[in-house]
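Next come the chains, spelled out residue by residue.
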2 protein chains.
Amino acid sequence: VLNNLNKLKKDNTGYDLKNMFIGAEGTLGIITAAVLRLVPRPRSVELAVFGVPSVQAAVDLLGLAYERAGAHVTSFELMTRMNVELALRYIEGTRDPLDAPHPWYVLMELSSQAESGLRDLIETIFEAGVERGLIADGTIAETLEQAKAMWRIREEAGEVQKREGGSIKHDVSVPVAAIPAFIAEASAAAVAIVPGARPMPFGHVGDGNIHYNVSQPPGMDKAAFMAREEDVQRAVFDVVAKCGGSISAEHGIGIAKREWLPRVKDPVALSLMRALKATLDPNGILNPGKVL
Amino acid sequence: VLNNLNKLKKDNTGYDLKNMFIGAEGTLGIITAAVLRLVPRPRSVELAVFGVPSVQAAVDLLGLAYERAGAHVTSFELMTRMNVELALRYIEGTRDPLDAPHPWYVLMELSSQAESGLRDLIETIFEAGVERGLIADGTIAETLEQAKAMWRIREEAGEVQKREGGSIKHDVSVPVAAIPAFIAEASAAAVAIVPGARPMPFGHVGDGNIHYNVSQPPGMDKAAFMAREEDVQRAVFDVVAKCGGSISAEHGIGIAKREWLPRVKDPVALSLMRALKATLDPNGILNPGKVL
């Protein structure tokens, strides 16, 4: 039993054992307790939906938001028009957030400990974004209800895709600057494999973390579409590799991606992981069959 | 050669190899390249010196600052009156930052990407701190010159102690809430070993990281004082252990603290560190004689 339970922000007495166990999916040990740091609840929050002309515009808008608002930028989510349309179709009470349709949308949230000043800040970013051609249209939530309605479109992305039939999913990350190229190339590759397939990427631009999900063509047999899953995944993961990305940004490896790992991971990293596994779990009893 | 050079914020494809090498002081491998993230330079910075009645008041003031200013709090440094007095004595051009002397001082810096609003924020914290009895007096820098002069007192802390004779140093961290008890108990312990010794702790309150340095009594032979170094360190490290702290917050173990490590580190953590060392460096050729 390793007792690593402390409340320290800085500790340089040897190797960083904590981070070795985080993300190891129980294959190096079982975490039985954790120390969590609490932060004060924000005093003010502002939320906006922006219609943007391209993924590049969304990435540039994130740069603008960081430049003006720094750590106040607490969410920056990318969505497609398809995401909005499916929400309008399947989720009761959904409204189109802007008057006209846009190919891409950004959901941006700012938070602050200060009671005032945040509304001015989000308006400044909105204006500068329009001036630079990064925002075609937008709206700032005036009430908590409006904010919840905006979030709902994003949060139901997985649900609406399920209602639309088969979906081939990827939880990937790439360098933030590579997001536009990644989405363009992955979409071209997916559609080349299944003509009519409908990419519906969404996710966390600031983390470079895109849930690159592809819906089946309308009317296609779901099983026939899902039979192409491995081909589509291989093509998407090839683009991820080309961009210097990761095939698992936040979901982990588990069983589902275990076979993929040796195909995408640096062989030296993989052999080091195996050596660590053998050192900490010589009898192979910790979550066997997962990750490695 | 492990190529772990990527630009990803999120990557959950296996074990966190990066953090294993950071802080290992070259005993597990040699880092030859790193990816650094750049952040925009702040558009506005405000700096204040507060005279505070106690270490507890400084810790409570940090809580107040986080509550009001969140991530804008970019520095929060604790200093003693002795630190100010030695700076006045040894560093040319130093001025007493406040009209009357105070037992403790806090140097607080706020930074923001916004062009305006920060002055109001620091004044709000100042006012609230005075109302709650956490601040006895204070001043906000009006010019860059004033800010530099305030920083200089803090930054010359090591230098002025050197001029004052022998100094027994500790780079420790404790939970932030335990800082007041740590400083009180460590000081009592140090003075019990060397009557007349003068503790001059300073450092980074938000990190719980105190440079707990003890100056020799005036007029005592320097060598006689330094001969008590191990006794004083043992007493201080005992208080650190009691507070759930670390004997090396940021300086590392190297050679200087290598003998201390087995006395303060959890034996399971230490044996795990040795197992990792044996796995990655079976021939013991990587920075031998350091850390372990």
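Only a predicted model underlies this, so the values are computations on that prediction, with no experimental measurement involved.

Just checking my understanding: could you explain the overall build of chain A for this structure?
Of regular secondary structure, chain A possesses eleven helices and ten strands. Residue burial in chain A is summarised as follows: out of 292 residues, 51% are buried. Expressed as a percentage of contacts within chain A between residues at least 6 apart in sequence, the contacts between residues at least 24 apart total 75%. Of note, chain A has its 31 positive side-chain charges centred 6 Å away from the centre of its 36 negative side-chain charges.

Any chance you could explain the sheet that holds strand S6 (residues 171-173) of chain B here in plain terms?
For sheets, the rule is that strands pair by backbone hydrogen bonds, running either parallel or antiparallel. Residues and elements named next belong to chain B. In spatial order, the strands read S4-S1-S3-S2-S8-S9-S6; together these seven strands make up an open sheet with antiparallel pairing. Both edges of this open sheet fall to strand S4 (137-140) and S6, since each of them pairs with a single strand only. Mean inter-strand twist for the sheet, computed between neighbouring axes without regard to direction, equals 20°. Pairing analysis gives four bridges linking strand S1 (residues 44-52) to S4, with the strands arranged antiparallel. Bridge assignment links Ala 48 to a residue of S4, and that residue is Ile 140. Most of the contacts of helix H2 (residues 55-69) go to strand S2 (residues 73-80), to which it runs at about 170°, and overall it touches S1, S2 and strand S3 (104-112). Against the sheet, helix H7 (residues 179-193) touches S2, S3, S6 and strand S9 (209-211), its axis set at about 25° to S9.

How do you make sense of the interface of chain B and chain A when you look at a structure like this?
Interface size is commonly expressed as the accessible surface area that is lost when the partners come together. Across the boundary between the two partners, chain B contributes 66 residues, which contact 66 residues of chain A. Note on chain B versus chain A: buried area summed over both sides is about 5,100 Å², and carbon and sulfur give 60% of it. Counting every contact that joins chain B to chain A gives eight salt bridges. For Lys 9 of chain A, the salt bridge goes to Asp 207 of chain B, with nearest N and O atoms at 3.9 Å. Our enumeration of links across chain B and chain A arrives at 24 residue pairs in polar contact (both at pLDDT 80 or more). Of all the secondary structure elements, the ones that give two or more residues to the side of chain B that touches chain A are helix H1 (17-21), H2 and helix H11 (267-280) of chain B. The leading source of residues in the side of chain B that touches chain A is H11 of chain B, at nine residues. Here the residues of the side of chain B that touches chain A are counted per class, giving 30 nonpolar, 21 polar and 15 charged.

So what exactly am I meant to see when it comes to the relation of the copies chain B and chain A here?
Between the two chain copies there is a screw-like relation: a rotation about an axis and a shift along it. Taken as rigid bodies, chain B and chain A are interconverted by a rotation of 180° and an axial shift of 0.0 Å, the fit giving an RMSD of 0.0 Å. Such a combination of rotation and displacement between the chain copies is what one expects of a two-fold axis. Of the interface residues in chain B, 100% have counterparts in chain A that sit at the interface too, so the contact is made through matching surfaces.

Help me understand H11 of chain B in this model?
An α-helix turns once every 3.6 residues. As a result, residues three or four positions apart point the same way. The terminal C-alpha atoms of H11 of chain B lie 20 Å apart, and with 14 residues this matches the ideal 20 Å at 1.5 Å per residue to within 8%. Inspection of H11 of chain B places Ala 269, Leu 270, Leu 272, Met 273, Leu 276, Lys 277 and Leu 280 of chain B among the buried residues, and these make up the whole buried set. Looking straight down H11 of chain B, one finds that the buried residues subtend no more than 160° of arc, so they occupy a single side. Turning to H11 of chain B, the residues buried within the fold contact helix H1 (17-21) and helix H11 (267-280) of chain A together with H1 and helix H10 (261-264) of chain B.

Whenever I open this one, the sheet that holds strand S7 (residues 198-199) of chain B confuses me. Can you help?
Residues and elements named next belong to chain B. The three strands are arranged S5-S10-S7 in an open sheet whose pairing can be described as antiparallel. The open sheet has two edge strands with one neighbour each: strand S5 (167-168) and S7. Here two bridges tie S5 to strand S10 (residues 214-215), and the two strands are oriented antiparallel to one another. Within S10, the residue paired with Ile 168 across the bridge is Val 214.

It is not clear to me how unusual backbone geometry should be interpreted in this structure. Could you clarify?
Only a minority of non-glycine residues have a phi that is not negative, and only a minority of peptide bonds are not trans. One non-glycine residue, Asn 287 of chain A, adopts positive backbone phi at about 40°. Here Asn 287 of chain A is to be found in the segment after H11. Look at Glu 25 of chain B: it is not a glycine, yet its phi comes out positive at around 55°. Counting through the fold element by element, Glu 25 of chain B comes out in the loop between H1 and S1. Under the relative-accessibility criterion, Glu 25 of chain B is labelled partly exposed at 25%.

For this particular structure, what's the right way to read the pattern of salt bridges?
Any two side chains of opposite charge can pair if their charged atoms end up close together. Using the criterion set out here, one finds 44 salt bridges over all chains in the structure. Of the charged contacts in the structure, one is a salt bridge between Arg 119 of chain A and Glu 46 of chain A, with a shortest N-O distance of 3.7 Å. In this pair, Arg 119 of chain A sits in helix H4 (residues 118-131) while Glu 46 of chain A sits in strand S1 (residues 44-52), placing the two residues 73 residues apart along the sequence. Take Arg 119 of chain A: its relative accessible area is 25%, and that puts it in the partly exposed class. For the salt bridge of Arg 152 of chain B with Glu 156 of chain B, the shortest nitrogen-to-oxygen distance reads 3.9 Å.

Cut-offs applied
- Residues numbered from 1 in each chain as written.
- Chains lettered and ligands numbered in written order.
- Predicted model: local features only at pLDDT ≥ 70, side-chain atom pairs only at ≥ 80, totals over all residues.
- Heavy atoms only, no water.
- Helix = DSSP H or I, 4+ residues; strand = E, 2+ residues; numbered from the N terminus.
- Buried < 20%, exposed > 50% of the residue type's maximum accessible area, 1.4 Å probe, protein only.
- Contact = heavy atoms within 4.5 Å.
- Lys, Arg positive; Asp, Glu negative; His and termini not counted.
- Charge placed at Lys NZ, Arg CZ, Asp CG, Glu CD.
- Pairing = 2+ DSSP bridges.
- Axes fitted to C-alpha atoms, helices over the stretch in contact; angles between N-to-C directions.
- Buried area = accessible area lost by both parts, 1.4 Å probe.
- Salt bridge = Lys/Arg side-chain N within 4 Å of Asp/Glu carboxyl O.
- Polar contact = N/O pair within 3.5 Å; in protein donor to acceptor, adjacent residues only side chain to side chain.
- Nonpolar A, V, L, I, M, F, W, Y, C, P; charged D, E, K, R; others polar.
- Least-squares fit on C-alpha atoms with pLDDT ≥ 70 in both.
- Expected span 1.5 Å × (residues − 1).
- Arc of directions from axis to C-beta.

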